[in-house]
Amino acid sequence: MLIFNIMIVTALLILLYRRYIPVCGVQCMNVPATLNDDVIIIDVRDYNQSYKDSNHKSIHIPIAYLKRYVKEIPNTKLHVIAADPLEKNMSIRFLRKQGYQIIGYTLMNCDCKKINLIPGL
């Protein structure tokens, strides 16, 4: 019985880590003003949120469909746009697991220090 309880607690801790512990090594920044050809923007917000801010070229794949459409993302450096920290953590960890290099992320309504600001984002 003790081993069963330890397994359940371990599974819960892994689940909480994947969702709520911030990803290390990825900076919070706004969408770069001058995009290089080697950086692709991945928007993992829902379609009803992302269509409002579609003034930049990006690939729109909601977090719920990311596992299904990950093969459509070119293998280059990525910048992730997410609505909240949960989406950010889940998508960056999944994309890193698939072998992508994440250079930064943008959260809507984020109060962190912005780098390469663009008006409106």
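The preceding data block contains the structure.
A brief look at the structure comes next. (Residues numbered from 1 in each chain as written. Predicted model: local features only at pLDDT ≥ 70, side-chain atom pairs only at ≥ 80, totals over all residues. Heavy atoms only, no water.)

## Observations concerning the overall build of the chain
The helix and strand inventory of the chain stands at four helices and five strands. The secondary structure elements of the chain, listed N-terminal to C-terminal, are α-β-β-α-β-α-β-α-β. A total of 121 residues make up the chain; the buried ones form 34% of that total. Considering only residue pairs separated by 6 or more positions, the chain has 73% of its internal contacts joining residues 24 or more positions apart. (Helix = DSSP H or I, 4+ residues; strand = E, 2+ residues; numbered from the N terminus. Buried < 20%, exposed > 50% of the residue type's maximum accessible area, 1.4 Å probe, protein only. Contact = heavy atoms within 4.5 Å.)

## Notes on the layout of surface pockets
Space inside the largest pocket adds up to approximately 420 Å³. Listed by contribution, the elements that provide at least two residues to the lining of the largest pocket are helix H1 (2-20), helix H3 (66-69) and helix H4 (85-97). Sort the elements by how many residues they give to the lining of the largest pocket and H4 lands first, with five residues. Classifying every residue of the lining of the largest pocket by side-chain character gives six nonpolar, one polar and five charged. (1 Å grid on protein atoms, 1.4 Å probe; cavity = no way out; pocket = protein on both sides within 12 Å on 5 of 7 lines; lining within 4 Å. Points joined across faces, edges and corners; volume = space filled by probe spheres on them. Nonpolar A, V, L, I, M, F, W, Y, C, P; charged D, E, K, R; others polar.)

## Some words on a nonpolar patch on the surface
Residues Met1, Phe4, Ile8, Leu12 and Leu15 make up a contiguous nonpolar surface patch of about 540 Å² in total accessible area. Positionally, Leu12 belongs in helix H1. (Patch = residues over 30% accessible without salt bridge, like charges linked within 9 Å, V, L, I, M, F, W, Y side chains within 5 Å. Areas by Shrake-Rupley, 256 points an atom, 1.4 Å probe, with all protein chains shown as cover. Salt bridge = Lys/Arg side-chain N within 4 Å of Asp/Glu carboxyl O.)

## Regarding the environment of Asp37
On the secondary structure map, Asp37 appears in the loop between strand E1 (27-28) and strand E2 (39-43). The sequence separation of Asp37 and Lys77 amounts to 40 residues, and the corresponding C-alpha distance is 9.4 Å.

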